[in-house]
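# Coordinates in review
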Amino acid sequence: MTATFYATTPIFYVNAEPHIGHAYTTILVDVAARYHRLAGDDVRFLTGTDEHGEKIAKAAEAAGTTPQAYVDQVSQQFRDTWDRLGITYDGFIRTTESRHQKIVQDVLQRVYDQGDIIYGEYGGLYCVKCERYYTEKELEDGKCPQHDLEPEYRSEANYFFRMEKYRPWLKEQLETNPNLIRPEGYRNEVLAMLREPIGDLSISRPKERVPWGIPLPWDEDHVTYVWFDALLNYWSDLESQGLDDRYWPHVQHFIAKDILKPHGVFWPTMLKAAGIPLFQHLNVHGYWLVEDRKMSKSVGNVVRPLELEQRYGNDAFRYFLLRDMSFGLDASFHELGLAERINADLANDLGNLLNRTLGMLGKYRSGVVPSFGPLTAEDEALRDAFTSLPNAVMREVEGLHFDRALAMVMEAVAAANKYVSDQKPWELAKDEAQSERLDTVLRGCLEALRCASILLDPVMPGKMQELRAQIGVSGDVILDDASHWERLEAGSATEPGEPLFPRVDLEALKATMDVAGGSEEASEAAAPALEHKPEITIDDFAKLELRVGTITAAEDHPNADRLWVLTVQVGPETRTVVSGIKAHYTAEQLVGTTVILVANLAPVKLRGVLSQGMILAAEDAEGNLSLAGLDRSLPDGSEVR
Ligand code: ME8
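Structural notes, computed from the coordinates. Since we're looking at a predicted model, the values are computed, not measured. (Residues numbered from 1 in each chain as written. Predicted model: local features only at pLDDT ≥ 70, side-chain atom pairs only at ≥ 80, totals over all residues. Heavy atoms only, no water.)

Another point: helix α18 (residues 435-455). Along its 21 residues, α18 runs 30 Å from first to last C-alpha, staying within 8% of the 30 Å computed at 1.5 Å per residue. Of all 21 residues in α18, 19 are buried, a share of seventy percent or more. (Helix = DSSP H or I, 4+ residues; strand = E, 2+ residues; numbered from the N terminus. Expected span 1.5 Å × (residues − 1). Buried < 20%, exposed > 50% of the residue type's maximum accessible area, 1.4 Å probe, protein only.)

Turning next to the packing of helix α13 (residues 335-365) against helix α16 (residues 402-423). Between α13 and α16, the shortest axis-to-axis distance is 10 Å and the interhelical angle comes to 40°. Between α13 and α16, the crossing angle belongs to the class labelled oblique. The element α13 and its partner α16 pack so that their crossing is left-handed. Residue-level inspection shows D345, L346, D349, L350, N352, L353, R356 and M360 of α13 in contact with α16, the latter providing M410, V413, A416, N417, V420 and S421. Grouping the constituent residues of the contact of α13 with α16 by class yields eight nonpolar, three polar and three charged. (Axes fitted to C-alpha atoms, helices over the stretch in contact; angles between N-to-C directions. Parallel < 35°, antiparallel > 145°, perpendicular 65-115°, else oblique. Left-handed = near helix turned anticlockwise from the far one by under 90°. Contact = heavy atoms within 4.5 Å. Nonpolar A, V, L, I, M, F, W, Y, C, P; charged D, E, K, R; others polar.)

On to the environment of V409. Locating V409 in the fold gives a position in helix α16. Once the C-alpha coordinates of V409 and V393 are considered, the two residues, 16 residues apart in sequence, prove to be 8.0 Å apart. Those residues in contact with V409, other than ones at most four positions away along the chain, are L389, V393, A452, L455 and L456.

With that settled, consider the packing of aromatic side chains. According to the stated counting rule, one finds 24 aromatic pairs in the structure shown. Aromatic pair Y6 and W248: ring centres 6.5 Å apart, planes at 55°, arrangement tilted. Within this pair, whereas Y6 is found in strand β1 (residues 4-8), its partner W248 is found in the loop between α9 (244-247) and β13 (251-256), the two being separated by 242 residues in sequence. Here Y6 and W248 have matching classes, each one buried. One aromatic cluster in this structure is built from Y6, Y234, W235, Y247, W248 and W267. Residue placement shows R132 over the ring face of Y134; its charged tip is 4.1 Å from the ring centre. In this structure, K463 packs its charged tip against the face of F501, placed 6.0 Å from the ring centre. (Phe/Tyr/Trp six-rings, centres within 6.5 Å; stacked < 30°, edge-to-face > 60°. Lys NZ or Arg CZ within 6 Å of the ring centre and 35° of its normal.)

Spatially, the four strands line up as an open sheet ordered β6-β5-β7-β9, and their pairing is antiparallel. Of all the strands in the sheet, just β6 (132-134) and β9 (201-202) have a single pairing partner and so form its edges. (Pairing = 2+ DSSP bridges.)

Taken together, 23 residues lie around the ligand, and I11, T25, D50, D258 and W288 are the ones closest in. Between the ligand and the protein, one listed contact pairs a nitrogen atom with a backbone N or O atom of W288 at 2.8 Å. Among the elements of the structure, β2 (12-13), α1 (20-38), α7 (226-231) and α8 (233-239) are those that each provide at least two residues to the shell around the ligand. For the shell around the ligand, the class distribution of residues is 13 nonpolar, eight polar and two charged. (Near = heavy atom within 4 Å. Polar contact = N/O pair within 3.5 Å; in protein donor to acceptor, adjacent residues only side chain to side chain.)

Ordered by their spatial adjacency, three strands build an open sheet running β10-β12-β11, and the pairing between neighbours is antiparallel. Because the sheet does not close on itself, it has two edges, and the strands there are β10 (204-206) and β11 (215-216). Relative to strand β12 (residues 219-224), β10 runs antiparallel, the two sharing three bridges. If you follow P206 over to β12, its bridge partner there is H222.

As structure tokens, then:
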């Protein structure tokens, strides 16, 4: 029997470009959808953009354009990003579409007609960035915990949804269905919210103040509150296409913890009032921090997914995100961690198994897939390690343990590498009498690679297809193919190609970070006390050769957006220096500037360009930079002592 899987991401606000957090939820749902498709399930994956409300209107105004032109442009930017990240959504909904607006109005009218929407006056503390009122208790030090901003007091005559009336019902739903909100910690958070009155929800805004929204069907002077509008996307996309019977009974939402209250309290009570059955699961993940700090525009540490995709490849980036976050918990992003993960799991374990297998196959069997001979206990153990995985992996995916699913596959890959070391095909190849044994071992490795490529396909679709092409498998695969061991065709040809996952040069990456005013240094700089390095002697200092130089050219780095390639004249010498000051200085500002150069620093390649020295700059706790120079003019090449 075919199972059905309908999963949604939040619809993202279009007041900012997509960042790693948006990418994480969307990739996660994409991976879940791809696993279910691989298992033969009937899948629908919905994402989209949230385009109404006060802050969108403000962002459009700041951009000097109309709200419609603005949302069209940013919504398209989300779609373009998802295309580049290999996102296979089935539906993309925009709240400005007429199909959505009509359904929001229908639902509102229904709830209004049954007396669950009333008119009244309300005053409270409002965070415009969250687009919602906060109770005193929810605030941290009087500030919105999401944005660290003081909410403003607002008082307005609005329409209210009688949410409080549904509180006992919602409490009972959560108590009787422990899996409704997962993981459990978030269910408990919502239960705690429901212990006290939740009040009624203001669901309108006066049109004269916020014109950018869906008009209330019975009162044209008010527009719909953005959350009441946005949450209905999950339903309106289906209903507008007659897909509700097929998918709604299976709906699972994926969100991060920032929007737990709207999804855990507003949404279920709205559904109840509208007579729409409750969702199956609300799956809540944690936050990606950046080097342990909250990501924010003002801190300047927003991580852009497309930059990482460009630097490391989409598949490796997707793998890292899923492997390094435990669903429900926060995780800290560090580019070095990403690079280390790629090297350890993908270049070393998986890449190595592929390279050594194809290498030996080429050497001993002209690259042709051999037949199995009789299997030994070790061969069977390898087979069982892989063929038992499809069910186990699907169980982990359904339980939202994506990290564990990947760890399990990688354990089997490590076991295959150990199998090669134990069976020593290179020894077998020396003895003609062991020819059948050699065939069996090489074939086992090929089957292991085939199974691994299927099990990892939802996470790394491009690279796993390439892997299969190298071992001579073309066409579509299904999950069940990984439950069987003898699926390759003996006698078919393999086609070794480029390494799937090139190793990342960690030293070069670390050097780039140092040059770029490294993120580690940035967080150190933010510490309140000065942190001193170990003491050095005058002799240590004398080892440094510092010289005066003049920047004569600043050119874009061919492989890194954040770096300048500077030409520095140091007396008679011309040096090339790769420098991470691009965010702080334009080329015009740099050319002609006197700088201090560390002239005897060992040359190092920084993202492919040889850097011959380093220029000195001071940096404050906010990350502001100032180049070190001279207070009066001295010729280039003069030594700084
Ligand atoms: O809240 N780590 O949109 P939004 C992980 N439009 N995920 C993160 C993240 C982080 N640091 N930052 C953001 C809205 N996200 C509303 C939703 S739904 C009916 C309306 C992800 O653009 C995560 O999925 O602020 C989070 O819930 C969502 O982006 C918030 O996106």
